[in-house]
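Overview (structure and organization)
Each chain is listed here by its residues.
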Amino acid sequence: MAKRRDYFVCNECGHEEAKWLGRCPECGSWNSFREMKAAGPAGGGAGSGAGGRGAAGSRSAGSGRHSPGAHKKLEVMSIDQVEMADGVRLDTGIDEVNRVLGGGAMLGASALIGGEPGIGKSTLMLQLSASIRSHRPVLYISGEESLPQIRMRAERLGIVRPKPKGSAAGAVPGQAAGPKAGAGTKNGAGAKGGAGAGAGVQLVCESDLDRIMSVLREVKPQVVVVDSIQTLLSVDAGSVPGTVNQLKYGCHELIDWARESDAALFLVAHVTKEGTIAGPKVIEHMVDTVLYFEQAGSGLRIVRAVKNRHGSVDEIGLFTMEAEGLVQVPDAASFFLEQREAELPPGITAAPVYEGTRVLMVEIQALVVPAKSGFSRIYSDKIDNNRVSRIAAVLEKLLSVRFSDQDIYINVAGGIRLGEVGIELPLAMALYSARTGIPVPKQAALAGEISLAGEIRPTAHMQRRVRTAAEMGFSRFIGPRDVRAKEAAGAGGAGAAAGEGGTKLGGQAAGGKAGGTKNGGGRRGGAAAGAAGAAAGTGFQRVETLGDAVRYVFGQS
């Protein structure tokens, strides 16, 4: 019999080595290797299971088709012979979650949701468990909270009715649900209604993987929530929960079960101090969808997809944290827009930002002050520093506005992070306004990409940006000149006519006029446009260069 051979595994990335190393050659972590005991002979003898070090990750007996001797003959077929089943998605009952997932929870798929401790991951998953429309039971597996703690949260969220004094303890949440069970119409956690939103939610508090798999095979749920994966523990993968081997092994078992059972699986994960999901990156590529739960400020929570095999990664879900739980933002288009009676202060612009399938009006704020300690710095956590530096360099080169001796502060109202190219023109106008002290007109909205030569390049979905700006009360829109006429046609939602000279932005003209004023060649217009836009209603102004945009926005010749 061959001699057993132990090995070492990196706790950070899962890299394996035959001997202990001080620094992991894969991820660069120091003192991260932990000794692992081989479960069988190195040569793959009779008791080696999967053989050698692979035995530590082999499936335990009774775990389905992965058990020894349970392999079936693989079926090979042409792609056009594959039959599509009806109802492959489940409505979660929460519109913002449906949007991020691409239309609902996909059966047989797994989703990983990560976020900082206390941000509301468990609250969101409990609301989803109570509101999702499933034909089979919903199983909520908690490895961090007890049953009474989960019941207490369910009562606070309005999923179940508080128990009367003197009632028997330990009842399944949802059995005594009362009038508050329908509170999900506001917070998205009770769309089932009727006898109680929590009636179909089954709870189990367990962290042992083998016992969890037994419950799954017995209950046969259609939706499973595991809160959280860091608590999973299997003797086949070691004795310490939260290690790389435990995460990989536990997630693999659950994902395989969900795929075989045609169930939707949600895995909750914590994030590290660097802001990434704890554990190896292999967890992220094992699942079908990766969602990040972020806190933007003022109680705002954003669910953002960074990976989605069954939908787009451009969508975001917007929630606010209230006393009754997470509440969906009702009017996302204007949520990030500050309402002011007076004119805008210098350094502030409004920009329509395209996020997934909707346009959000956001406020970009810039502050420019003399540099401290002899060299300039850029402070921007919502817009990439490199983009801010590039726009400032273009302004300094083409418009002789000096930023090299200035500290630049950039902020986005509401705390949302912006990354699309359409924010570059409003960012440039905010920087110019902050540096010169000239405010941007309150009625103006801007969108466009800026090249290194100062050209205003077209951006996608310009028609929807213009229409959203008009609906929010903006009567002036500044964008790229070469927008296609068919995109510009109808912008503003009032039958505006597109032409080479410009586009009417109907319904927003000053003095209650139904139509805008045609903009002629861009910098010249009719009588109303001749007042530098003070009367508003000058419509969609197309500009070619950064200099044209500055002259039109600030009325400079």
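Our structure is the block above this text.
Note that the structure is predicted; figures quoted are calculated from it, not measured.

Conventions we followed
- Residues numbered from 1 in each chain as written.
- Predicted model: local features only at pLDDT ≥ 70, side-chain atom pairs only at ≥ 80, totals over all residues.
- Heavy atoms only, no water.
- Core = buried A, V, L, I, M, F, W, Y, C linked by side-chain atoms within 4.5 Å.
- Buried < 20%, exposed > 50% of the residue type's maximum accessible area, 1.4 Å probe, protein only.
- Helix = DSSP H or I, 4+ residues; strand = E, 2+ residues; numbered from the N terminus.
- Contact = heavy atoms within 4.5 Å.
- Pairing = 2+ DSSP bridges.
- Phe/Tyr/Trp six-rings, centres within 6.5 Å; stacked < 30°, edge-to-face > 60°.
- Lys NZ or Arg CZ within 6 Å of the ring centre and 35° of its normal.

**Quick look at the nonpolar core**
Counting residues in each nonpolar core, the largest one holds 50 residues, and the members touching the most others are Met-429 and Leu-431. Per-element tally for this core: the top contributor is helix H10 (residues 424-436), with eight residues. Not counting chain neighbours up to four residues away, the residues in contact with Met-429 comprise Thr-349, Val-440, Leu-446, Leu-546, Ala-549, Val-550, Val-553 and Phe-554.

**Observations regarding the pairing of strand S22 (residues 476-480)**
A regular strand carries its side chains on alternate faces of the sheet. Within S22, five of the five residues are buried, which leaves it mostly tucked inside the rest of the structure. One ladder, built from three bridges, connects strand S19 (residues 444-446) with S22; its direction is parallel. Residue Leu-446 lies in a different strand from S22, and its bridge partner there is Ile-478. With five bridges joining them, S22 and strand S23 (residues 539-543) adopt parallel strand pairing. Considered in S23, the bridge of Ile-478 is made with Gln-541.

**Section: the packing of aromatic side chains**
Under the criterion given, the structure shown has four aromatic pairs. On the basis of an interplanar angle of 40° and a centroid distance of 5.1 Å, the ring pair of Tyr-432 and Phe-554 is categorised as tilted. Note that Tyr-432 is positioned in helix H10 and Phe-554 in helix H13 (residues 546-554), a separation of 122 residues in sequence. Per residue, the accessibility class of Tyr-432 equals that of Phe-554, and both read buried. Look at Phe-477 and Phe-540: their rings are 5.3 Å apart centre to centre, the planes differ by 85°, and that puts the pair in the edge-to-face class. Of this pair, Phe-477 sits in strand S22 while Phe-540 sits in strand S23; the two residues are 63 residues apart in sequence, bridging distant segments of the chain. For the pair Phe-477 and Phe-540, a shared accessibility class is recorded, and that class is buried. Positioned over the ring face of Tyr-552 is Arg-476, at 4.8 Å from the centre of the ring. One Lys or Arg, Arg-542, reaches over the ring of Phe-540 and ends 5.7 Å from the middle of that ring.

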